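Overview (structure and organization)
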Amino acid sequence: MRKLLIIAFMALATVAQAQQKRVYFFSDFVDTKITYKGGAHYRVKANYDIANMKMMYMQGDELMELTSPQLVDTIYTDGYAWVYKDRRFCQVVNTDGGHRVLVGWNLVKVHQGYKGVYGISQVPARKVELSGDFGMGNIAGENGGMYNGSFGTNDEDDSGRNLDVWKEKNRSTYYFEKDGREYSLRGLKSVYKAFPDKKALIKQFVREHKLDPMRAEDFLQIIDFILK
């Protein structure tokens, strides 16, 4: 019976194919329990690729991608839960205000070019780099933090100054319910559009608390404020 379950599980996976640079949620592959809607469950070493929004796991020395995610009920990684929604796995987060929010992570750092004498020189091939500037904090646990070990060091001039120019891209989506309605927000513009009657109050709250909507922990504070 167990052999049949393993075969069924492998049918829902595929060898990882080359694509844009991966950016991992955890600093390493962690103990993971995958539970399916039919009740079957499997334990693997997994990590979430937040650049490509794919759940990856190791099968021996081979990197595999979990497919047919719509059949998954919940994934537990390092004590944190993930559910599949809107074509991505979302982390289940309980905010400081006691609200349940699904965070659909999609974070990258894009290489814009190199700073020279005449300003920024654009480059056609853009690189993705790890970033610790999105304010994940305890949302990702002690093993959390975007990670990609495939990059070399950035170019520097003779004085040791970094010549690389990077621009952060945060395309994460936050899902929650209020008064029986589900919301999916990404950035302050979507907040103002969803809650036009609270726009002035939200602006004041963001300004007074010096919040940066690009940072996940700050955005969750804004959601807590909305849900008061």
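Notes on the structure follow. Keep in mind that this is a model prediction, so the values were computed, not measured. (Residues numbered from 1 in each chain as written. Predicted model: local features only at pLDDT ≥ 70, side-chain atom pairs only at ≥ 80, totals over all residues. Heavy atoms only, no water.)

**A closer look at the nonpolar core**
- Trp82 and Ile202 are the most contacted members of the largest nonpolar core, which has 45 residues in total.
- Val83, Cys90, Leu102 and Tyr175 belong to the second-largest nonpolar core, a separate cluster that totals six residues. (Core = buried A, V, L, I, M, F, W, Y, C linked by side-chain atoms within 4.5 Å. Buried < 20%, exposed > 50% of the residue type's maximum accessible area, 1.4 Å probe, protein only.)

**Quick look at the packing of aromatic side chains**
- Here the structure, examined in full by the defined rule, presents 12 aromatic pairs.
- Both rings, one in Tyr36 and one in Tyr42, keep their centres 5.8 Å apart while their planes meet at 80°; by these two values the pair is edge-to-face.
- A relative accessible area of 10% places Tyr42 in the buried class.
- Aromatic side chains Phe205 and Phe225 sit 4.3 Å apart centroid to centroid with 10° between the ring planes, which places their arrangement in the stacked category. With a gap of 20 residues between them, Phe205 in helix 3 (residues 199-208) and Phe225 in helix 4 (residues 216-226) connect regions that are remote in the sequence.
- An aromatic cluster is present here, built from Phe25, Phe26, Tyr48, Trp82, Tyr84, Phe89 and Trp105 joined pairwise through their rings. (Phe/Tyr/Trp six-rings, centres within 6.5 Å; stacked < 30°, edge-to-face > 60°. Helix = DSSP H or I, 4+ residues; strand = E, 2+ residues; numbered from the N terminus.)

**Things to note about the pairing of strand 5 (residues 54-59)**
- Pairing of strand 4 (residues 41-49) with strand 5, which is carried by five bridges, proceeds in the antiparallel orientation. Paired with Asn47 across the strands is Met56, a residue of strand 5.
- With antiparallel pairing between neighbouring strands as the criterion, strand 4 and strand 5 make up a hairpin whose turn holds four residues, including Met53 at a positive phi of roughly 55°.
- Note that strand 5 and strand 6 (residues 62-66) share four bridges and pair antiparallel. Each residue of the ladder has a partner; that of Met58, found in strand 6, is Leu63.
- In this structure, the hairpin formed by strand 5 and strand 6 is closed by a connection of two residues, where Gly60 is found at a positive phi of approximately 65°. (Pairing = 2+ DSSP bridges.)

**Brief notes about the pairing of strand 3 (residues 30-36)**
- With respect to burial, strand 3 is a largely interior element, five of its seven residues being buried.
- Bridging between strand 3 and strand 4 involves six bridges; their strand directions are antiparallel. Bridging across to strand 4, Ile34 finds its partner in Tyr42.
- The hairpin formed by strand 3 and strand 4 contains four residues between the paired strands, and Gly39 there has a positive phi angle of roughly 105°.
- As judged from the five bridges shared by strand 3 and strand 7 (residues 72-77), these two strands associate in the antiparallel manner. Its bridge partner being in strand 7, Thr32 is matched across the sheet by Thr77.

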